[in-house]
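Coordinate analysis (summary)
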Amino acid sequence: MQKLKLEKIKKTYNSGEVVTALKGISLGFRENELVSILGPSGCGKTTLLNIIGGLDRYDSGDLVINGLSTKEFKNSDWDAYRNRSIGFVFQSYNLIGHQTVLQNVEIAMTLSGVSTSERKQRAKQALTEVGLAEHLNKKPNQLSGGQMQRVAIARALVNDPDIILADEPTGALDSHTSIQVMDILKEVAKTRLVIMVTHNGELAEEYSDRIIRFLDGEVQSDSNPIAEAETEKASQQTAKEQKFKKTSMSLITATALSFKNLLTKRGRTLITAFAGSIGIIGVALVLALSNGLSTYMNSMQSDTLSSFPITIGTGEQIIDLTERGPGGLEGNNDAAGYTEYPKDNVMYSYDSEKNSTKHSNIITEDYLNYIGKLETELPNAVNNISYRHGVNINLLAKGQGTAVKFETTSAPSGMGMMMGNNSTYLQELPENNDFVLSQYDLIGEGGRMPAGKNEVVLVVDKYNRIDKAFFEKLGITEDTENYKLTDFIGKTILKVIPNDDYYTRNGDLFTAAAPTDYEKLYDSDTGTKLTITGILRSKEDVSSSYLSPGIAYTTALTADVVEDAQKSEIATVQKDSDKDVMLGTPLDNKAKDNALIMLGADTTPTGINIYPKVYDSKDKVKEYLDQYNDDKSDDNKLIYSDMAEMISSITGTLLDTVTYVLTGFAAISLLVSTIMIGIITYVSVIERTKEIGILRSVGARKKDISRLFNAETLIIGFTAGMIGVGLSYLLEIPINTIISNLAGISGVANLNPLHAAVLVAGSMILTLIAGFIPSRMAAKKDPVVALRSE
Ligand code: ADP
Ligand code: MG
């Protein structure tokens, strides 16, 4: 029976000089025989084996396997043929150094898709057959030459091939171990075709069934050539059945194999991954910072900036009209004709008065209605709208001992004016409790928000402080620096006195209650006693200045006081009088208006504060306010001011600039580390050339090789990504500590988990790209050349 038939096989190498290694070889081989090929060095023996084994291609002629011509073989057919039918044994063993004996034997089966457990079991069995059962987990360099060659034989046998090709298997062994190896090959040849190249004529004579002598690429003699009759029979029998099952390494197998590879080179893998992670860390930290900063900015905009309201005040203001007039105010806009930031050699003289105008806001009933509709027109745009009233609250306090007047008017000059109502320690609470509680915590046991006109809260600063002047106003005179929160919560120590009780009429004049009357008024049945239900302190991280330390009362109380004051005798009398009803002095119009407001006779608000939710809704609110002015004459327009605008536009630009710069740096470091990974993969391809040759000799396709390397770079990319993200999360801790020490903002660096996942994926993609060219190079390597490399 004929297994292989070579028909006039020719092979010429052309690297510089032309060498004809095989000059038309015609030979046949039986299904089981041990054939020795003898001949001097360079006569073409290895070339012949490589061509028979499908590692190298013949130039002309034909190689017939089981009666099937290989002329039309595709690469995949050759790969499958090598994997299924051929077992190679080399003089230099060609074991993969970083894998164990067992893994070296398993590798051929990995390619043919044998399950893990079967692979292990068969590899163990093959190693037992060659007497190496004891050495499964050793590395090749821990074995003797004979043992290594037996590992190679076990690897050649494990896929149960029909043909074993051995290229000087005993060439590197002493005579004793050579005999061991030959005994094994002899045994193997009982059921297979074994073709062995050797220099050792004695061993060949002793063990071979047949000896073929080679000289200068030609057969010189053949001790047992095949007769024609045998040929006919064989080709008839097997020509049709012949088809090799294709090898295929699944992606999972490739990944598992790569993973094992990487594990054996842990140190280098970690260093590579670390190099790759540097870029990822850069990007991650930039993302973390800009994410944290923009979150911070947003919360600042909603917390702090919304505590800077859009204000509509009353009174006269001077407005610069060079830019667009606020609120659609027109006036003598002289800006036309000027260009911004002129580049010319020019300087202008202009009349600034023509560019500004005086304007008085007059809050009308109509405007109040318009503002009242704001919350229905623009739902979710405003947190709160509050109205300032000029009405005086007659407030008595009895913090200790006897009742005192809680002075509610601030001094007309000095600190009081500059700090608004700060020095009065008295303010109205926004109607919306949710809004208040989004920025303030209730501290102290048993505290709650006030529920009606007769309940108030105290507000303290972030150190739980209130100025000592406040305690004096409450009538607490003892010289203590600290109190208990619970000394105040639930206490009723304030009372609002109606105008009619507070002022007594004497003919045409009214007099305010004297300090000696306070106790009696405080104990009387009329008026509204105020209970402190809780204490508010601004939340940590919320730098809100919405409320200032002191007392905050409900809008219900305001409504009550306004209603009472409006009906009061002093208010009605003042309305009809040109004189100050308390002093008897004449009043001009303006002073009278003020007096009426103070006494509650005029209930028009003296100011409106609109607290938008976020920056965007602030713009909508402004648009809404502008609309009111559209069809009004200049005098009837109402203009607003927006303090927060300037602050947020500065910080926004700053954030953008910082992010761009940081992203630039991060992109560069990402690029550098990608290139590094590319280089490291490239080096590893060069280093592992031999391994690539070995894999190809056991049937790995080009695709498998590139898969293997791609899987490795993917794993490295994944590791790099995980290290990068992990280190970034760790680095956030010191960075945040530094930022919080420097700027007092905590938790700025804050990597979004979604960004982290994208970064890991990105790292894998980048390393895959970086390793793509080297892995293609690896796949393209000529297996014969690869095997020769050291
Ligand atoms: P042997 O195994 O009998 O010592 P080889 O088959 O290795 O001989 O080589 C036969 C001839 O072909 C030699 O002259 C060798 O230099 C040449 N040769 C073998 N492989 C190559 C190659 N890849 N490129 C160029 N020449 C080669
Ligand atoms: Mg050789």
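Coordinates for the structure precede this section.
Quick look at the structure, then. On a predicted model such as this, the values are computed, not experimentally measured, just so you know. (Residues numbered from 1 in each chain as written. Chains lettered and ligands numbered in written order. Predicted model: local features only at pLDDT ≥ 70, side-chain atom pairs only at ≥ 80, totals over all residues. Heavy atoms only, no water.)

Right, let's get into the layout of surface pockets. Each pocket or cavity is described by its volume, and for the second largest pocket that value is around 800 Å³. The wall of the second largest pocket is formed by 36 residues, among which T46, T47, N50, D167 and R788 lie closest to the centre. Listing elements by their share of the lining of the second largest pocket, those giving two or more residues are β1 (2–15), β2 (17–30), α1 (45–52), β6 (86–90) and α26 (783–788). Taken domain by domain, the lining of the second largest pocket gets at least three of its residues from each of domain 1 (2–248) and domain 2 (261–303 + 650–788). (1 Å grid on protein atoms, 1.4 Å probe; cavity = no way out; pocket = protein on both sides within 12 Å on 5 of 7 lines; lining within 4 Å. Points joined across faces, edges and corners; volume = space filled by probe spheres on them. Helix = DSSP H or I, 4+ residues; strand = E, 2+ residues; numbered from the N terminus. Domains from an automatic or database assignment.)

The local shell around ligand 1 holds 13 residues, among which G42, K45, T46, T47 and R788 are the closest. G44 is positioned with one of its backbone polar atoms (N or O) 3.1 Å from an oxygen atom of ligand 1. Residue T47 places a side-chain N or O atom 2.5 Å away from an oxygen atom belonging to ligand 1. When isolated, ligand 1 has an accessible area of 550 Å², and the protein chains bury 75% of it. Judged by the proximity of its atoms to the pocket grid, ligand 1 belongs to the second largest pocket. Counting residues per element, the ones that place at least two in the shell around ligand 1 are β1, β2 and α1. With 3 residues, α1 is the single largest residue contributor to the shell around ligand 1. (Near = heavy atom within 4 Å. Polar contact = N/O pair within 3.5 Å; in protein donor to acceptor, adjacent residues only side chain to side chain. Areas by Shrake-Rupley, 256 points an atom, 1.4 Å probe, with all protein chains shown as cover. Sits in = over half its atoms within 2 Å of the grid points.)

Right, let's talk about the sheet that holds strand β26 (residues 641–642) for a bit. Within the open sheet, the 4 strands sit side by side as β14-β25-β11-β26. Their pairing is antiparallel. Edge positions in the open sheet fall to β14 (382–388) and β26, since each of these has one partner strand only. (Pairing = 2+ DSSP bridges.)

With that out of the way, let us pick up helix α3 (residues 101–111). Counting buried positions over the 11 residues of α3 gives 11, a clear majority of the element. Within the sequence span of α3, burial applies to V101, L102, Q103, N104, V105, E106, I107, A108, M109, T110 and L111. For α3, the secondary structure elements touched by its buried residues are α2 (75–85), α4 (116–129), α5 (145–157), α9 (251–264), α23 (689–697) and α24 (702–743). Following α3 by one or two positions, G113 adopts a phi angle in the positive range, close to 75°. (Buried < 20%, exposed > 50% of the residue type's maximum accessible area, 1.4 Å probe, protein only. Contact = heavy atoms within 4.5 Å.)

Take the packing of aromatic side chains next. Using the criterion set out here, one finds 13 aromatic pairs in the structure. Arranged with centres 5.0 Å apart and planes meeting at 70°, the rings of F73 and W78 form a pair that is edge-to-face. For W78, a relative accessible area of 3% puts it in the buried group. Aromatic pair Y370 and Y628: ring centres 5.0 Å apart, planes at 50°, arrangement tilted. Of this pair, Y370 sits in helix α11 (residues 365–372) while Y628 sits in helix α21 (residues 615–629), placing them 258 residues apart in sequence. Here Y628 falls in the buried class, since its relative accessible area comes to 6%. Over the ring of Y628 we find K632, and its NZ or CZ is 4.2 Å from the ring centre. (Phe/Tyr/Trp six-rings, centres within 6.5 Å; stacked < 30°, edge-to-face > 60°. Lys NZ or Arg CZ within 6 Å of the ring centre and 35° of its normal.)

In this section: α4. Its 14 residues give α4 an end-to-end C-alpha distance of 20 Å, which sits within 8% of 20 Å, the value for a rise of 1.5 Å per residue. On its buried side, α4 packs onto α3, α5 and α9. (Expected span 1.5 Å × (residues − 1).)

Pairing analysis gives 11 bridges linking β1 to β2, with the strands arranged antiparallel. From the neighbouring strand, L4 faces β2, where its bridge partner is F29. In sequence, β1 turns back onto β2 through a hairpin of 1 residue, with G16 there showing a positive phi of about 80°. The pairing of β1 with strand β4 (residues 60–65) spans 5 bridges and is classified as antiparallel. Bridging across to β4, E7 finds its partner in D62.

The next thing to look at is the pattern of salt bridges. The tally for this structure, following the rule as stated, stands at 28 salt bridges. Salt-bridge contacts for E205 lead to R213; the nearest nitrogen and oxygen are separated by 3.5 Å. Look at R213 and you get partly exposed, because its relative accessible area is 33%. The network of salt bridges with common partners includes R30, E33, R210 and D222. (Salt bridge = Lys/Arg side-chain N within 4 Å of Asp/Glu carboxyl O.)

Applying the stated criterion to the full structure yields 7 cavities of 30 Å³ or more. Size it by volume and the largest cavity reaches roughly 120 Å³. Along the wall of the largest cavity there are 14 residues; nearest its centre are L262, I680, S684, E712 and I716. Of all the secondary structure elements, the ones that give two or more residues to the lining of the largest cavity are α10 (266–303), α22 (644–687) and α24. Split into classes, the residues belonging to the lining of the largest cavity amount to 5 nonpolar, 5 polar and 4 charged. Of the pockets and cavities examined, the second largest cavity occupies roughly 90 Å³. What lines the second largest cavity is simply N83, I86, G87, F88, F90, A108, R155, A156, N159, S697 and V698. Counting only elements with at least two residues in the lining of the second largest cavity, the list comes to β6 and α5. Here the lining of the second largest cavity takes 4 residues from β6, the largest share from any one element. Here the residues of the lining of the second largest cavity are counted per class, giving 6 nonpolar, 4 polar and 1 charged. (Nonpolar A, V, L, I, M, F, W, Y, C, P; charged D, E, K, R; others polar.)

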